[in-house]
Amino acid sequence: MKTLKQVKVGETVTTVKLTGEGAVKRRIMDMGITKGVEVTVKKVAPLGDPIEVNVRGYELSLRKADAEMIMVE
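All figures in this text were calculated on a predicted structure; none of them were measured in a lab. Throughout this document, residue positions are counted from 1 along each chain, in the order its sequence is written. Local features in a predicted model are, by the rule used here, given only for residues with pLDDT of at least 70; side-chain atom pairs are given and counted only at 80 or more, and totals for whole chains, interfaces and linings are based on all residues. Computation of side-chain values covers all heavy atoms of the structure but excludes hydrogens and water.

Here we take up the environment of Gly36. Its place among the elements puts Gly36 in the loop between helix 1 (22–30) and strand 3 (38–44). Buried residues are those whose accessible area, probed at 1.4 Å on protein chains only, stays under 20% of the maximum for their type, while exposed residues exceed 50% and partly exposed ones sit between those limits. Exposure remark for Gly36: the relative accessible area of 47% places this residue in the partly exposed category. Taking C-alpha positions, Gly36 is 9.0 Å from Val72, a pair spaced 36 residues apart along the chain. Secondary structure elements follow DSSP: runs of H or I of four or more residues count as helices, runs of E of two or more count as strands, with numbering from the N terminus.

Take the pattern of salt bridges next. Think of it this way: side chains of opposite charge can pair up when their charged atoms draw near. Salt bridges are defined by distance alone: a side-chain nitrogen of Lys or Arg within 4 Å of a carboxyl oxygen of Asp or Glu. A complete count under the given rule lists 6 salt bridges for this structure. Note that Arg63 is salt-bridged to Asp66, the shortest N-O span being 3.5 Å. For Arg63, a relative accessible area of 46% gives the class partly exposed. A relative accessible area of 3% means that Asp66 is categorised as buried. Connected through shared salt-bridge partners, Arg27, Arg63 and Asp66 make up one network.

So this is what it looks like as structure tokens:
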């Protein structure tokens, strides 16, 4: 398994597990990233932070630290 941070631009992956705890994990889930959902990486900023993804039909920007907590396949 790899993290969302390691996914290349244009790839579509499926979330497997959310690591992290408490409020951070809850915030990620509130943004629509839950187990089994498809995520497509659209853009990565020049310095790698943030990462723009498409989740459930909408665009979402994630920090690298948050993307490292999302395990995908």
